[in-house]
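# Descriptive analysis of the structure
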Amino acid sequence: MKGETYNLILDWSIALTSLLYCHTIGMFIAQGKTRFLAIIPVILLFLYLPLNLHSVFHCGLTFFFMSWLGSFKLILYAFGQGPLSSHPSLPLSHFITTACLPIKIIKNQPNLSHQITKIPQRSPKDYAPRVFLLFITLKAYSYKEKFHPLFATSIYAYYIFFALELLLALAASLARTVVGAELEPQFDEPHHATSIQNFWGKRWNLMVSSILRPTVYHPSRAIFSHLLPERWVSVPAVLATFLVSGIMHEMIFYYLGRLNPTWEVTWFFILQGVWVGIEIVVKKTMGPRFQPPPVVSRALTLAFVMIMSFWLFFPPFMRIDPFARFCRECLAVIRFFKHGHLISFVEYSCPYF
């Protein structure tokens, strides 16, 4: 764990130095291809740095916030777009925080300290049921051998959702404390989604969709507008967006497990994009005539997402064995606080496995 901690500190020190460089060149190089060429080395560096990490927690978050969100934001910044671009320029503290975290700053306000998107904040009491459910999920998963594989995978899916929501809530609290910034909401009651398009576009993983929209979807629309009528140009743009999302998820899985890609995750997102494209065509063709009751549409949406997840998403994710690895990492951290020295993650085996 000592080497892992050292690599984590080193990676993020390099990342912060690189962002200082990007902030500086933004003052001297105008937006466009020249600035993009100057930033490319940083983007490549951001893609490399998580390979120095082996912890599920460290590598996963570093790739997500630095390699994915950070790199995409820097691409937008190179062309004067996205959350990093502002007139006047963002202060260095806001620039670095916005690049590393899913923070949205309201522009054209005189006081940057108050230029933060306000989102409804949950009180600690609101998270109490989620903590309880997360604990139940952890205990139930320890008896996974006694459950049907589909039920065990369902428990794992709920664990991922609750753990991610709680983790981002803690990150939001930290961001507010350090720089007075709000994190974009990660979820908006995805179980209330009435279509696959509504699920991915407005309810699930909102900070990813908000960064894919300007980096992939809008440029794809502009390209395909020369080939297709405006009425249908959104369909191939959606497919391109889901393809990029699939590739980025495939990269996350590789970074976490260092296993050869099977491309199951990429196909998962491609098929999601195909279905969203079908929904767009049906809506544009039939209009409001084809709209089932909300209860029916919600059930069908969740059923489709879960079936596809069991088929293509969870199998490669389970091969990484992240649950047991994360459990060992938590035990290593507990040992550190208890005995005051660092140990290797592999010295412990999770009592649940």
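Since the model is a prediction, treat every value here as computed from it, not as a measurement. (Residues numbered from 1 in each chain as written. Predicted model: local features only at pLDDT ≥ 70, side-chain atom pairs only at ≥ 80, totals over all residues. Heavy atoms only, no water.)

### As for the overall build of the protein
Counting its regular elements, the protein contains 12 helices and 0 strands. Of the regular secondary structure in the protein, the N- to C-terminal order runs α-α-α-α-α-α-α-α-α-α-α-α. The buried share of the protein, reckoned over its 353 residues, is 43%. Across the protein, the fraction of contacts at a sequence separation of at least 24, relative to all contacts at a separation of at least 6, is 66%. Roughly 18,700 Å² of accessible area belongs to the protein as shown, and the carbon and sulfur atoms make up 69% of that amount. (Helix = DSSP H or I, 4+ residues; strand = E, 2+ residues; numbered from the N terminus. Buried < 20%, exposed > 50% of the residue type's maximum accessible area, 1.4 Å probe, protein only. Contact = heavy atoms within 4.5 Å. Areas by Shrake-Rupley, 256 points an atom, 1.4 Å probe, with all protein chains shown as cover.)

### Let's talk about the pattern of salt bridges
Applying the stated rule across the entire model yields 2 salt bridges. The partner of R221 in a salt bridge is E230, with the nearest N and O atoms 2.6 Å apart. Looking at R221, the relative accessible area reads 23%, which means it is partly exposed. Among the salt bridges present, the one from E264 reaches R319, with a minimum N-O distance of 2.3 Å. With E264 in helix α10 (residues 264–286) and R319 in helix α11 (residues 294–319), this pair connects stretches of sequence that are 55 residues apart. (Salt bridge = Lys/Arg side-chain N within 4 Å of Asp/Glu carboxyl O.)

### Brief notes about the packing of aromatic side chains
The final tally for this structure, using the stated rule, is 21 aromatic pairs. A ring pair is formed by W200 and F242, whose centres lie 6.3 Å apart and whose planes are at 85°; its orientation type is edge-to-face. Placement of the pair is W200 in helix α7 (residues 196–203) and F242 in helix α9 (residues 234–257), with a sequence separation of 42 residues. F242 matches W200 in its accessibility class, with the two residues each being buried. Taken together, a centroid distance of 5.8 Å and an interplanar angle of 40° make the contact between F310 and F314 tilted. Here F310 pairs with F314, and both are found in helix α11, just 4 residues apart, close to one helical turn. Looking at F310, the relative accessible area reads 24%, which means it is partly exposed. Look at F314 and you get buried, because its relative accessible area is 7%. These aromatic residues form a ring-pair network of at least three members: F199, W200, W204, F242, F253, F268, F269, F310, F313, F314 and F317. The ring of Y77 carries the charged tip of R35 above its face, separated from the ring centre by 4.7 Å. (Phe/Tyr/Trp six-rings, centres within 6.5 Å; stacked < 30°, edge-to-face > 60°. Lys NZ or Arg CZ within 6 Å of the ring centre and 35° of its normal.)

### Regarding the packing of α7 against helix α8 (residues 206–224)
As a packed pair, α7 and α8 sit with axes 7 Å apart at the nearest point and diverge in direction by 90°. By the angle between their directions, the pair α7 and α8 is classed as roughly perpendicular. Every residue of α8 that contacts α7 at W200, G201, K202 and R203 is listed here: L206, S209 and R213. In terms of residue class, the contact of α7 with α8 is built from 2 nonpolar, 2 polar and 3 charged. (Axes fitted to C-alpha atoms, helices over the stretch in contact; angles between N-to-C directions. Parallel < 35°, antiparallel > 145°, perpendicular 65-115°, else oblique. Nonpolar A, V, L, I, M, F, W, Y, C, P; charged D, E, K, R; others polar.)

### Topic: the side chain of S67
Along the chain, the position of S67 falls in helix α3 (residues 56–78). A distance of 2.5 Å separates a polar atom in the side chain of S67 from the backbone oxygen of F46. (Polar contact = N/O pair within 3.5 Å; in protein donor to acceptor, adjacent residues only side chain to side chain.)

### What to know about a nonpolar patch on the surface
On the surface, a cluster of nonpolar side chains totalling about 320 Å² of accessible area is made up of L239, V274, W275 and I278. With 3 residues, the top contributor of residues to the nonpolar patch is α10. Relative to the helices and strands, I278 is located in helix α10. (Patch = residues over 30% accessible without salt bridge, like charges linked within 9 Å, V, L, I, M, F, W, Y side chains within 5 Å.)

### Re the confidence of the model for the protein
Of the residues in the protein, 75% reach a pLDDT of 70 or more, and the chain-wide mean stands at 81. Ranking the elements of the protein by mean pLDDT puts helix α5 (residues 124–141) last with 65 and helix α2 (residues 33–48) first with 96. Contacts from residues 106–119, a stretch scored under 50 in pLDDT, to residues over four places away or in other chains number 26 contacts. Low confidence marks residues 346–353, where pLDDT is under 50. Its contacts with residues over four positions away, or in another chain, come to 20 contacts. (pLDDT = per-residue confidence, 0-100.)

### A few points about the packing of α9 against α10
Between α9 and α10, the least distance of the axes is 8 Å, while the angle of their chain directions is 160°. In terms of axis orientation, α9 runs roughly antiparallel to α10. By crossing handedness, the relation of α9 to α10 is classed as right-handed. The class makeup of the residues in the contact of α9 with α10 is 14 nonpolar, 8 polar and 3 charged. (Left-handed = near helix turned anticlockwise from the far one by under 90°.)

### Notes on the environment of S234
Assignment of secondary structure puts S234 in helix α9. Along the primary structure S234 and A222 are separated by 12 residues, whereas in three dimensions their C-alpha atoms are 9.7 Å apart. Not counting residues up to four positions away in its chain, the partners in contact with S234 are Y217, R221, I280 and K284.

### Examining the environment of A324
Of note, A324 is situated in helix α12 (residues 322–339). As for A324 and V56, which are separated by 268 residues in sequence, their C-alpha atoms are 10.0 Å apart.

### Overview of unusual backbone geometry
In the segment running from H87 into P88, the intervening peptide bond is cis, with an omega of 0°. Examined against the element boundaries, P88 turns out to sit in the loop between α3 and α4 (92–100). Its identity is not glycine, yet N205 carries a phi of approximately 50°, on the positive side. Checked against the element boundaries, N205 lands in the loop between α7 and α8. Since its relative accessible area comes to 13%, N205 is described here as buried.

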